[in-house]
Every structure is written in C-alpha cells, then in structure tokens.
Amino acid sequence: MAVTKEQRIMNLLSMAQRARRIVSGAFAVEQALKARQAVLVLMAADASAESKKNYQILADRYKVPYLEGLDRAMLGQCLGKEYRAVAALLDEGFAKKLRELMKEP
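Conventions used here
Residues numbered from 1 in each chain as written. Predicted model: local features only at pLDDT ≥ 70, side-chain atom pairs only at ≥ 80, totals over all residues. Heavy atoms only, no water. Helix = DSSP H or I, 4+ residues; strand = E, 2+ residues; numbered from the N terminus. Rg over C-alpha atoms; globule rule 2.2 N^0.38 Å. Buried < 20%, exposed > 50% of the residue type's maximum accessible area, 1.4 Å probe, protein only. Contact = heavy atoms within 4.5 Å. Areas by Shrake-Rupley, 256 points an atom, 1.4 Å probe, with all protein chains shown as cover. Salt bridge = Lys/Arg side-chain N within 4 Å of Asp/Glu carboxyl O. Pairing = 2+ DSSP bridges. Axes fitted to C-alpha atoms, helices over the stretch in contact; angles between N-to-C directions. Right-handed = clockwise from strand over helix to strand, strands pointing away.

Engineer: What am I meant to see in the overall build of the chain here?
Structural biologist: Helices and strands together make up the secondary structure of the chain, namely 5 helices and 4 strands. Relative to the compact-globule value of 13 Å for 105 residues, the chain shows a C-alpha radius of gyration of 13 Å, a close match. In terms of overall dimensions, the chain has a C-alpha envelope of 40 × 25 × 25 Å along the principal axes. Residues classed as buried in the chain amount to 41% of the 105 residues present. Here the analysis covers contacts within the chain between residues at least 6 apart in sequence; of these, 78% occur between residues at least 24 apart. Split by element, the accessible area of the chain, about 6100 Å² in all, is 51% carbon and sulfur.

Engineer: I tried to follow the side chain of Lys-52 on my own but got confused; where do I start?
Structural biologist: As for its position among the elements, Lys-52 is in helix 3 (residues 49-61). When near neighbours in sequence (up to four residues on either side) are disregarded, Lys-52 contacts Met-43, Ala-44, Ala-45, Ala-47, Tyr-66 and Glu-68.

Engineer: Got a minute to help me understand the pattern of salt bridges in this structure?
Structural biologist: Tallied over the full model, the rule gives 6 salt bridges. One salt bridge in this structure joins Arg-99 and Glu-92, with 2.9 Å as the shortest N-O distance. On the accessibility criterion, Glu-92 (44% relative accessible area) is partly exposed. Glu-100 is paired through a salt bridge with Lys-97; the nearest N and O atoms lie 4.0 Å apart. Of this pair, Glu-100 and Lys-97 both sit in helix 5 (residues 92-103), 3 residues apart, roughly one helical turn. A cluster of three or more residues bridged by salt bridges with shared partners is formed by Lys-96, Lys-97 and Glu-100.

Engineer: How should the sheet that holds strand 3 (residues 66-69) be read in this particular structure?
Structural biologist: In sheet architecture, strand pairing relies on hydrogen bonds along the backbone and comes in two forms, parallel and antiparallel. If you walk across this open sheet you meet the 4 strands as 1-4-2-3, and the pairing is mixed. Unpaired on one side and paired on the other, strand 1 (22-24) and strand 3 mark the two borders of the sheet. Ignoring strand direction, the axes of neighbouring strands in this sheet form an average angle of 25 degrees. Running over the sheet, helix 1 (residues 5-18) touches strand 1, strand 2 (40-44) and strand 4 (86-89) and is turned about 100 degrees from strand 1.

Engineer: Is there a simple way to explain the pairing of strand 3 in this structure?
Structural biologist: On a regular strand, each side chain points to the face opposite its neighbour's, so the side chains alternate between the two faces of the sheet. Here 4 bridges tie strand 2 to strand 3, and the two strands are oriented parallel to one another. From the neighbouring strand, Val-41 faces strand 3, where its bridge partner is Tyr-66. For the handedness criterion, the β-α-β arrangement of strand 2, helix 3 and strand 3 is classed as right-handed.

The following block contains the structure:
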C-alpha cells in the first residue's frame, strides 16, 4: 500500500509534535514568531482568507517561510487536537523536510 503525500506530511508533523518542535493555534504561533523561534509557518488550506492574509503578513514581517497544506481537520489530527488552522515549526530539520514533501507532485 502506497503512502500518500498527505500521510507523509501528517507523519512528519506528528513526529514534530512528539519532539515538541511545533506549536499550533493563533496565540502560540504569534508568540513563536515574535520570539523568533518559528522557522516555518504552515497554514491549513481551508482556513479563512482573512487568517491566511494575516499570517502571510506576519510571516513576511519576521522573514519566516509560509506554506499552505492539509486541511484544518488533518492538521489538528496529526497534532493531537480537534482542528488547527495554523502551526509553526520550531526546528530547521523538520521545516526542511516539510518543504521537500510539499514540493513533491
């Protein structure tokens, strides 16, 4: 059985959660950006346009890469939450691997 791209992304984010190298939720992500701990912002593809715009601006302000992928339910599931619209990776290794996975067809 082939593992889909989404499953591989979710597995990576689950590992980051277990390693405590990811934060999720609006407040935690903003704090990580302001503290210059975030190395990548991941926005759920089905988040509101307003949220996407706000986090794109924040990511640009703090010079942090911004990606969109998964949906709120999938993002929340791999982080052990119900729904999550935004998350920030705090580890360059996880961020690099996530960027590679997102580029795959």
